Amino acid sequence: MRHIISVLLENEPGALSRVVGLFSQRNFNIESLTVAPTDDETLSRLTVTTQGDDRVVEQITKQLNKLIDVVKVVDLTEGEHIERELMMIKLKANNGTVRAEIKRTADIFRGQVIDATQNTFTVQLIGSSSKLDAFIEALSGASILEVVRSGVSGIARGEKVLSL
Amino acid sequence: MELLSGAEMVVRALKDEGVENIYGYPGGSVLHLYDALFQQEDVKHILVRHEQAATHMADAYARATGKAGVALVTSGPGATNAVTGIATAYMDSIPMVVITGQVMSHLIGEDAFQETDMIGISRPVVKHNFSVQHPEEIPSIIKKAFHIAQTGRPGPVVVDIPKDMTNPTDRYPYEYPKNVKLRSYNPVNRGHAGQIKKAMDLFLTAKRPVILAGGGVVIGHASEELRELIHLTNVPCTNTLMALGALAGRDQNNVGMLGMHGSYEANMVMHHADVILNIGARFDDRVTNGTDKFCPTAKIIHVDIDPASISKTIRADIPIVGPAKNVLDEMLAIVKASNKQLDAEALKSWWEQIEEWRGRHGGRYRTDDSELMKPQQVIETLDMVTGGDAYVCSDVGQHQMYAAQYYKFNHPNRWINSGGLGTMGFGLPAAMGVKLNFPEADVACVTGEGSIQMNIQELSTCNQYDIPVKVICLNNQSLGMVRQWQDMNYESRHSQSYMNSLPDFVKLVESYGHVGMKVDKFSDLEAAMREAFALKDRLVFMDVAVDPYEHVYPMQVPRGSMRDMWLSKTERT
Ligand SMILES: Cc1cc2nc3c(=O)[nH]c(=O)nc-3n(C[C@H](O)[C@H](O)[C@H](O)COP(=O)(O)OP(=O)(O)OC[C@H]3O[C@@H](n4cnc5c(N)ncnc54)[C@H](O)[C@@H]3O)c2cc1C
Ligand SMILES: Cc1ncc(C[n+]2csc(CCOP(=O)(O)OP(=O)(O)O)c2C)c(N)n1
């Protein structure tokens, strides 16, 4: 099963490499990884999506918790949560029909064209990973030049917070 | 406040931490540190002949005392030579602080002379590591390093110090912190009361209970509590390789080591148990055999200070996260206060069954199939000569298993061996680390002619510092453990497991200034060994010729259940 694990990490040099190293060292899989500082400059928030059965995911959270630089860990998939990913996709758009088609599909998915040249469109889309996958699928008629995805960020629904 | 250079701060911090001996080897990036060491007398430095030995010495000191050992090595090759020793300590949860030199901070990343990324290299085999960014951080980093190494599940910590951080002319105020607080590191100091209660409720209803003691009992100084619980309830106790001596080897309730080379009775007890109380054993694959067939009728209570050790390989029915000592204390209190007791009838027939198993194999081995001495006889003689009280520091191989099976330890923390990593070359430096710190004790290094040659250069260190350990080399002229596997799994094709160019060990040790003895006949062994131990202030190397065809038994059948064992070359359960 797919899990979204959120980690509060000391904003220290080398902290990220400990997390990434742990995953490869223990043969855990990483589907996506995002990391950035939080409002508290001493902390980074890291989100990792991974696949594994209960035993593996239990080990992942326990092993993450053991890292000295890890302050808190939560498996967001255990509760109600929101996940978002940002994608920018550059497409060949060199005639009117294609341009209209891309535009229409982007509208359906609530994407925006954020850059355009005579021959290309760049569309930005925000949503769950599966929505982003679906968008790529829907564009299968168009020719994709480049895809860049941010990886998943997640947050719990309701009043639950991951903080110190 | 006193002004000290970074180098002086390191040395002073070690002193303030109560460190008496450190083990190391100098080089370019630690020269300021060595100069600071030279100018004081509180912290004594032992110069090894290879950095790996420095780490094993520090490690063995920690295994014997529970306090972190300290090694000091230079950058680059010095640091990489220390990696095997760091990994050895990591696998067995041993507290250690390793200080590694680093190139000057402005050179880092430029492939400078003797630069290696020690933070990166050591990361998977340390509990934590630190890189010093400013000399003023040194006292607090060293304090944190000891704190992390010694608390919770212990482990090695590396402190990487660029040379310019120790510059003798840059001086800063020094104060050693009294305590540390790390918001992201709070090891548990007691078990969950509700879980402990639940565990004891289950335990007291058992008809075929067993206590499994692991390294956590030894590391956690919980042998006394363990012994009390065993004797209060009269249940059988088995132990992993890492917990020899937690319960005395000759104790009636002790059924011996379990696992791959465990005793017949220990593995049978495990297989048939209905409740297993595991305290501080991480269910290693050498312990469980095939996990799908592991102890089919047992409910499992698992006590460990590290939640990640619980339900990692074997799912626990009742997990308890906490230090062995405290959890056992609470268990004892519950058992003493409870009006429930183990079913006496059931326990009686359990013990009858166990006695029957004991009678079946009981550690017997043949002595009639070879002219040569049997390795088991050598260990039994060592046990007799030292009365089960010696520190036995082992290398890795068949001799290690014989020592584990046949030496009956009266005390914990005296069996010093590399279990998790299985590091050949560990034995001699380990014995040195123990002997230096326990000069009055009998300290033996049990080794093979393969393992001893991995750190034999340390005989020179023993000469320099007068470290009179007794080396007992079970010389079977082959990499016995490898050879045994080749006999059993590769139709005796002895690929590269034979050494036909062994040195004359007696001459070799003599050239290092020590006493050598060669023993070929069992009838000479006891007298020779008594003589060796009587030479209190000399290192004696006993080169003992043993049967090269001997195998370690019992040996579990791969991927089978606990009770599937070879008991001899021809007999299977
Ligand atoms: C050639 C060879 C053959 C081997 N054969 C066998 C064999 O037949 N049988 C066998 O048992 N082993 C064998 N081993 C050793 C094996 O590889 C493992 O090292 C060993 O089984 C691990 O034992 P352990 O889990 O008790 O200890 P450790 O690996 O030391 O684990 C200790 C556990 O206790 C926990 N702990 C630490 N401190 C505390 C505390 N204060 N309170 C509570 N918990 C704590 C730790 O978190 C850890 O989970 C062999 C090794 C070699 C090299
Ligand atoms: C550094 C290292 N290399 C290789 C091994 C694999 N290995 C395990 S036991 C063994 C043979 C040990 O031979 P010896 O020290 O003579 O002991 P014996 O088994 O003969 O008693 C080897 C090569 C190891 N454990 N450690």
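So, how was this worked out
- Residues numbered from 1 in each chain as written.
- Chains lettered and ligands numbered in written order.
- Predicted model: local features only at pLDDT ≥ 70, side-chain atom pairs only at ≥ 80, totals over all residues.
- Heavy atoms only, no water.
- UniProt positions renumbered as here; feature names shortened; annotations may be inferred.
- Helix = DSSP H or I, 4+ residues; strand = E, 2+ residues; numbered from the N terminus.
- Rg over C-alpha atoms; globule rule 2.2 N^0.38 Å.
- Buried < 20%, exposed > 50% of the residue type's maximum accessible area, 1.4 Å probe, protein only.
- Contact = heavy atoms within 4.5 Å.
- Areas by Shrake-Rupley, 256 points an atom, 1.4 Å probe, with all protein chains shown as cover.
- Lys, Arg positive; Asp, Glu negative; His and termini not counted.
- Charge placed at Lys NZ, Arg CZ, Asp CG, Glu CD.
- Domains from an automatic or database assignment.
- Buried area = accessible area lost by both parts, 1.4 Å probe.
- Pairing = 2+ DSSP bridges.
- Axes fitted to C-alpha atoms, helices over the stretch in contact; angles between N-to-C directions.
- Salt bridge = Lys/Arg side-chain N within 4 Å of Asp/Glu carboxyl O.
- Polar contact = N/O pair within 3.5 Å; in protein donor to acceptor, adjacent residues only side chain to side chain.
- Nonpolar A, V, L, I, M, F, W, Y, C, P; charged D, E, K, R; others polar.

- Chain B is annotated in an unreviewed UniProt entry as Acetolactate synthase from Pontibacterium sinense.
- Here is the UniProt Sequence similarities (unreviewed entry) comment for chain B, exactly as written: "Belongs to the TPP enzyme family."
- As stated in UniProt under Catalytic activity (unreviewed entry), the record for chain B gives "2 pyruvate + H(+) = (2S)-2-acetolactate + CO2".

- As recorded in an unreviewed UniProt entry, chain A goes by the name Acetolactate synthase small subunit, listed as coming from Pontibacterium sinense.
- The annotation that UniProt attaches to chain A under Function (unreviewed entry) is "Catalyzes the conversion of 2 pyruvate molecules into acetolactate in the first common step of the biosynthetic pathway of the branched-amino acids such as leucine, isoleucine, and valine."

## So, the overall build of chain B
Here is step 1: Broken down by element type, chain B carries 20 helices and 22 strands.
Here is step 2: The C-alpha atoms of chain B give 24 Å as radius of gyration, which agrees with the globular expectation for 573 residues (25 Å, within 12%).
Here is step 3: Sorting the 573 residues of chain B into buried and exposed places 59% on the buried side.
Here is step 4: Residue pairs in contact within chain B that sit at least 24 positions apart in sequence constitute 75% of those at least 6 positions apart.
Here is step 5: When the accessible surface of chain B is totalled, it reaches about 22400 Å², and 50% of it is carbon and sulfur.
Here is step 6: Each charge sign in chain B was given a centre, from 54 positive and 67 negative side chains, and these centres are 6 Å apart.

## With respect to the domain arrangement of chain B
All names here are of chain B.
Here is step 1: Taken as a whole, chain B is organised into domain 1 (3-173), domain 2 (193-359) and domain 3 (375-552).
Here is step 2: Computed from C-alpha atoms alone, the centre-to-centre distance between domain 1 and domain 3 is 30 Å.
Here is step 3: The partner domain 3 presents 27 residues to the 23 residues of domain 1 that form the contact.
Here is step 4: Carbon and sulfur atoms supply 62% of the area buried between domain 1 and domain 3, which totals about 2000 Å² over both sides.

## Points about the sheet that holds strand β9 (residues 209-213) of chain B
All names here are of chain B.
Here is step 1: Here six strands make up an open sheet; going across it, the order is β11-β10-β9-β12-β13-β14 and the pairing parallel. At either end of the open sheet lies a strand with only one pairing partner, and these are β11 (254-257) and β14 (318-321). Neighbour-to-neighbour, the strand axes of this sheet turn through a mean angle of 15°, independent of strand direction.
Here is step 2: The sheet contact formed by strand β10 (residues 237-239) and β11 spans three bridges and is parallel. What sits directly across from T238, in β11, is G256.

## What about the domain arrangement of chain A?
All names here are of chain A.
Here is step 1: As assigned here, chain A comprises domain 1 (2-79) and domain 2 (82-153).
Here is step 2: Distance between the C-alpha centres of domain 1 and domain 2: 29 Å.
Here is step 3: Taken residue by residue, the interface counts seven residues in domain 1 and six residues in domain 2.
Here is step 4: Buried area between domain 1 and domain 2, summed over both chains or domains, comes out near 460 Å², and the portion from carbon and sulfur atoms is 53%.
Here is step 5: The interface formed by domain 1 and domain 2 holds one salt bridge in total.
Here is step 6: The partner of R2 in a salt bridge is E83, with the nearest N and O atoms 2.9 Å apart.
Here is step 7: Our count for the contact surface shared by domain 1 and domain 2 stands at four residue pairs in polar contact (both at pLDDT 80 or more).
Here is step 8: At the level of elements, β1 (2-10), β2 (32-37) and β3 (43-51) are the ones that each hand at least two residues to the side of domain 1 that touches domain 2.
Here is step 9: Looking at the side of domain 1 that touches domain 2 residue by residue, the classes come out as two nonpolar, four polar and one charged.

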